[in-house]
Each structure stands twice: as structure tokens, then as C-alpha cells.
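# A structural walkthrough
The primary structure of each chain is shown beneath.
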Amino acid sequence: MEFVHHYERAIAWIVAQCPAPDKFAHTYAGLTIWLLTAILMKKKLSSAWPLAMVVLFEAANEYLDRLAHGSWNWPDTIRDVVATLFWPFVISFAMRLRPAIRG
């Protein structure tokens, strides 16, 4: 349980460094995980792997939030998930459609 509390403190510090609400931190985290995964795995941004890693990291983050707070806060959890996944999904699927748009 000590890991969960250290994690929560680290996340609180990161969010405090952001110039806007925590949903922006989720957006930045989602895009960063998506881009770094593509670079490190040498995959296209339209590949399913970078998206899968964003989903995995966000699921782990929300589970750790649940452990830290003792229960789910569903409205906040849903907003966090949407903020984290929205742009990686939108850009990835737009990149998949790009050849069809040109053609």
C-alpha cells in the first residue's frame, strides 16, 4: 500500500505543475504515452500497440486511484478515461483513414 501513496503523491505533484485542471494532465499523459510507445516500439502511430499501451496505463492509473481513495469515484474516473484516451484515439483513427481521404 505504500507504493500507492507514493504514486498518489507523485501524481499530485505532476498535476500541480500543469497550468490547468487535472484533465489536461490526463490529456498530456495520454498523448505522451502514445507517442513514446510508438517511438520505443518502432510502430506507426496508427498501430494498435501505442493505443493499447495508453489504455493499459490509464487502467492502471485509475485502479491505483481506487486503491488510494478506497472506492471508485465513477464520474471522475469516466472523465479521466475520456481525457486520457480521446486524442490518441482520434489522431490514430484519422491516420488510418488518411489514405482513404487522399484517394
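Read on for an overview of the structure. (Residues numbered from 1 in each chain as written. Predicted model: local features only at pLDDT ≥ 70, side-chain atom pairs only at ≥ 80, totals over all residues. Heavy atoms only, no water.)

## Section: the layout of surface pockets
Estimates place the volume of the largest pocket at around 630 Å³. If you go around the largest pocket, you meet 28 residues; those closest to its centre are Y7, I11, H26, N61 and D65. Among the elements of the structure, helix 1 (2–17), helix 2 (22–41), helix 3 (48–69) and helix 4 (74–102) are those that each provide at least two residues to the lining of the largest pocket. Per-class residue counts for the lining of the largest pocket are 13 nonpolar, 7 polar and 8 charged. (1 Å grid on protein atoms, 1.4 Å probe; cavity = no way out; pocket = protein on both sides within 12 Å on 5 of 7 lines; lining within 4 Å. Points joined across faces, edges and corners; volume = space filled by probe spheres on them. Helix = DSSP H or I, 4+ residues; strand = E, 2+ residues; numbered from the N terminus. Nonpolar A, V, L, I, M, F, W, Y, C, P; charged D, E, K, R; others polar.)

## A look at the pattern of salt bridges
Overall, the coordinates contain 3 salt bridges when judged by the stated rule. When the shortest N-O distance is used, the salt bridge between D22 and K23 registers 3.4 Å. Where K23 meets D76, a salt bridge forms, and the shortest distance between an N and an O atom there is 2.8 Å. Of this pair, K23 sits in helix 2 while D76 sits in helix 4, and the two are 53 residues apart along the sequence. Judged by relative accessible area, which is 24%, D76 ranks as partly exposed. Connected via shared salt-bridge partners are D22, K23, D76 and D80. (Salt bridge = Lys/Arg side-chain N within 4 Å of Asp/Glu carboxyl O. Buried < 20%, exposed > 50% of the residue type's maximum accessible area, 1.4 Å probe, protein only.)

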